Amino acid sequence: MSPIWQLLEVKATEHMRRHPNDWFQTDGNRANRLSGHAAGLSIDYSKQRVTDDVIDGLLALAEERGVLELRDDMFNGVHINGSEDRAVLHVALRNRSNRPIVLDGQDVMPEVNAVLDHMETFVESVQSGQWKGYAGDPITDVVNIGVGGSDLGTRMVCRALGSYADRGIRVHFVSNIAPSDLASKLSILDPKTTLFVVASKSFGTQETLANARSARRWFLESAPDEEAIKKHFVAVSTHTERVREFGIDPDNMFPIWDWVGGRYSLWSAIGLPIALYLGMDRFKRLLDGAHALDEHFRLNTGRDNLPLILGLIDVWNADFLGSDSLAVFPYGTRLGFLPAHLQQVMMESNGKRVRIDGQPVDSHTSAVLWGGLGTNGQHAFYQLLHQGTRLIPSDFISAIRTHSPIGTQQRQLLANLVAQSRALMLGRTQEEVEAQMRAEGADEATIERIAPHRVCPGGQPSNTILFPQMTPEAVGALLALYEHRVFVAGAVWQIDSFDQWGVELGKQMANELEPFIGSHQEDGVFDGSTRWLLDEIRQHWTP
Ligand code: F6P
């Protein structure tokens, strides 16, 4: 390990012996220094277990690992996804300045803009009712069929910005191969007024194709002929041939490109359901917000670059302070799908064990990202953060104003958000507990017995991210912040954050196993546990 890494290890040992409260008590300016603004987001990282010398050390580590050079390579179309020999250009999808972004000698912006124009024309004709179903009715319901990156981001944004949904279109998501997912949606839909968006970059994903085929069968039970499919099925993919083979007219296909990673694709035509649900104007505002954050990331260095700082703190927490997870707590129901989306962004990107050069990494990589809505989580799993034995960094996220003012709820929501990160940092000492119990009139024997149960050690690190209101721009900036933060950590670890070879193994085994489900085929090739499970399934199976 380099001298910078070793120095940070020494600092980590020192810092874990100190309580973060000391830093606030001895430094009245701490929160002002360890906070900042980016693209309309207010970000406070002063409750992390860092000091200025740690931040300086982490910035030196970033320099040593060439993080900002890699950032520039990404923005300049270099093939930084080495294991797939691809560029990583989701930033081009939201490049609202239209600055040329050159990939292999060619500016990609004209293609990006052409797809946006195609989306706009299509969205307007659906929303205005000009686009008619086979029986002459306007479309009222859009069903996105896709999984992973072809589902999570779009679903997350539709929920987050649901208060803008004023275009008379409802949106539904089918992702799971479990039959009830599709069945429960079809049971409430009318084929005459439903549009299916089959979203699959590869157009080869088992779950998506199985669900899309079933949707087509369901549709054809009422439609007069296959010609009607044109009016009710569109596709988003890189693969024209597979789309055509499936029976979708290539005129109704919105292309994406191999330089858009699945988990970074909501900004492409994969986001079509967002535009259909909220309007193309709102979709573009989402892109604007992400672009503003991209520019912040592209043009700033050092402490002025907040995704850089947050990504480095993620490395600090994982590799130097020994934490295993990152908890994401959005306050506000509309951000309910944020942890699921970020799980894919962070864990599929940085869940790697070899560096880009094929050598094993010499530290831990991605944290396990988990989370859930505040305040609900406060009454459930937050207990483990308050009094468990693990160091669990967390992110608290909220809009300040609500689109749905009711009573005093928003004030209470924000009070809870601020109070929780404060409680996790401050904790409550034995002396404080004893003093409180005495004030409550407890006798000394009870105090001695109960006080240890009421002590909270504090010192749990957190970031807080606030923005004025849940606008398309704010959501765009928030999501781009996480994407770049993940990029930064991946660059420090020198891994390929843009491939996902691991998921292939599970896909391959599922395909191999499928013929054995419920059948009496000889299954001796499998391990004992697999054979036992196949036997259990066989006993209860009805085709
Ligand atoms: O299985 C993981 C994955 O490859 C993701 O990376 C991707 O977002 C998802 O599957 C869906 O893939 P596709 O869009 O090709 O159907």
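Residues numbered from 1 in each chain as written. Predicted model: local features only at pLDDT ≥ 70, side-chain atom pairs only at ≥ 80, totals over all residues. Heavy atoms only, no water.

- As annotated in an unreviewed UniProt entry, the protein chain carries the name Glucose-6-phosphate isomerase and is attributed to Guyparkeria halophila.
- What the UniProt record of the protein chain gives under Sequence similarities (unreviewed entry) is the line "Belongs to the GPI family."
- Entered under Subcellular location (unreviewed entry) in the UniProt record, the comment concerning the protein chain runs "Cytoplasm". (UniProt positions renumbered as here; feature names shortened; annotations may be inferred.)

1. Remarks on the site of the ligand
For step 1, the next point in the chain: Around the ligand sit 14 residues in total, of which Gly149, Ser150, Ser200, Ser202 and Thr205 are the nearest.
For step 2, the next point in the chain: In the model, an oxygen atom of the ligand is placed 3.5 Å from a nitrogen or oxygen of the Lys507 side chain.
For step 3, the next point in the chain: Isolated, the ligand exposes 390 Å² of accessible area, and the fraction of that covered by the protein chains is 87%.
For step 4, the next point in the chain: Most atoms of the ligand, that is more than half of them, are within 2 Å of grid points of the largest pocket.
For step 5, the next point in the chain: Of all the secondary structure elements, the ones that give two or more residues to the shell around the ligand are α16 (338-350) and α22 (501-513).
For step 6, the next point in the chain: A per-class count over the shell around the ligand returns two nonpolar, nine polar and three charged. (Near = heavy atom within 4 Å. Polar contact = N/O pair within 3.5 Å; in protein donor to acceptor, adjacent residues only side chain to side chain. Areas by Shrake-Rupley, 256 points an atom, 1.4 Å probe, with all protein chains shown as cover. 1 Å grid on protein atoms, 1.4 Å probe; cavity = no way out; pocket = protein on both sides within 12 Å on 5 of 7 lines; lining within 4 Å. Sits in = over half its atoms within 2 Å of the grid points. Helix = DSSP H or I, 4+ residues; strand = E, 2+ residues; numbered from the N terminus. Nonpolar A, V, L, I, M, F, W, Y, C, P; charged D, E, K, R; others polar.)

2. Notes on the packing of helix α14 (residues 280-299) against helix α21 (residues 472-493)
For step 1, the next point in the chain: Put simply, α14 and α21 touch, their axes get as near as 7 Å, and they point 40° apart. Relative to α21, the element α14 is oriented oblique. As α14 runs across α21, the sense of the crossing is right-handed. Here α14 contributes Arg282, Arg285, Leu286, Gly289, Ala290, Leu293, Asp294 and Phe297 to the contact with α21, which in turn contributes Pro472, Glu473, Val475, Gly476, Ala477, Ala480, Leu481, His484, Phe487 and Val488.
For step 2, the next point in the chain: Each residue belonging to the contact of α14 with α21 can be placed in one class, and the counts come to 11 nonpolar, three polar and four charged. (Axes fitted to C-alpha atoms, helices over the stretch in contact; angles between N-to-C directions. Parallel < 35°, antiparallel > 145°, perpendicular 65-115°, else oblique. Left-handed = near helix turned anticlockwise from the far one by under 90°. Contact = heavy atoms within 4.5 Å.)

3. A short note on the packing of helix α1 (residues 3-17) against helix α4 (residues 52-65)
For step 1, the next point in the chain: Contact geometry for α1 and α4: axes closest at 10 Å, N-to-C directions at 155°. Put simply, α1 runs roughly antiparallel to α4. Crossing of α1 against α4: the hand is left-handed. For the pair α1 and α4, the contacting residues are Ile4, Trp5, Leu8, Lys11 and His15 in the first and Asp53, Val54, Gly57, Leu58, Ala60, Leu61, Glu64 and Arg65 in the second.

4. Some thoughts on the sheet that holds strand β6 (residues 170-174)
For step 1, the next point in the chain: Read from one edge to the other, the open sheet built from five strands follows the order β6-β5-β7-β8-β9, with strand pairing classed as parallel. Looking along the sheet, the strands with just one partner apiece sit at the ends: β6 and β9 (253-255). Here the average twist between neighbouring strands, direction ignored, is 20°.
For step 2, the next point in the chain: Pairing between strand β7 (residues 194-199) and strand β8 (residues 233-237): four bridges, direction parallel. In the sheet register, Phe196 faces β8, and the bridge partner there is Phe233.
For step 3, the next point in the chain: Strands in contact with helix α7 (residues 109-128) are β7, β8 and β9; relative to β9, the strand with the most contacts, it is inclined by about 150°.
For step 4, the next point in the chain: Each of β6 and β7 touches helix α9 (residues 179-186); the most contacted strand, β6, lies at about 160° to it. (Pairing = 2+ DSSP bridges.)

5. Focus: the UniProt feature "active site" (unreviewed entry) in the protein chain
For step 1, the next point in the chain: Within this numbering scheme, the UniProt entry marks Glu348, His379 and Lys507 as carrying the feature "active site" (unreviewed entry). The annotated residues occupy 160 residues of the chain and do not converge on a single region, their most distant C-alpha atoms lying 36.9 Å apart. Taking the annotated residues in turn, Glu348 and Lys507 line the largest pocket.
For step 2, the next point in the chain: Position of Glu348 among the secondary structure elements: in helix α16.
For step 3, the next point in the chain: Ignoring any residue separated from it by four or fewer positions in sequence, one finds Glu348 in contact with Arg263, Gln343, Asp499, Gln500 and Val503.
For step 4, the next point in the chain: At 3.1 Å, the side chain of Glu348 and the side chain of Arg263 are in polar contact.
For step 5, the next point in the chain: For Lys507, the position within the fold is in helix α22.
For step 6, the next point in the chain: In this structure Lys507 comes out as partly exposed when scored by relative accessible area, which is 42%. (Buried < 20%, exposed > 50% of the residue type's maximum accessible area, 1.4 Å probe, protein only.)

6. Comments concerning the environment of Ala442
For step 1, the next point in the chain: Assignment of secondary structure puts Ala442 in the loop between α19 (430-439) and α20 (444-454).
For step 2, the next point in the chain: According to the relative accessible area criterion, Ala442 is partly exposed, its value standing at 24%.
For step 3, the next point in the chain: Through-space distance from the C-alpha of Ala442 to that of Ala160 is 47 Å; in sequence the pair is 282 residues apart.
For step 4, the next point in the chain: Residues in contact with Ala442, not counting those within four places in the same chain, are Met437 and Ile447.

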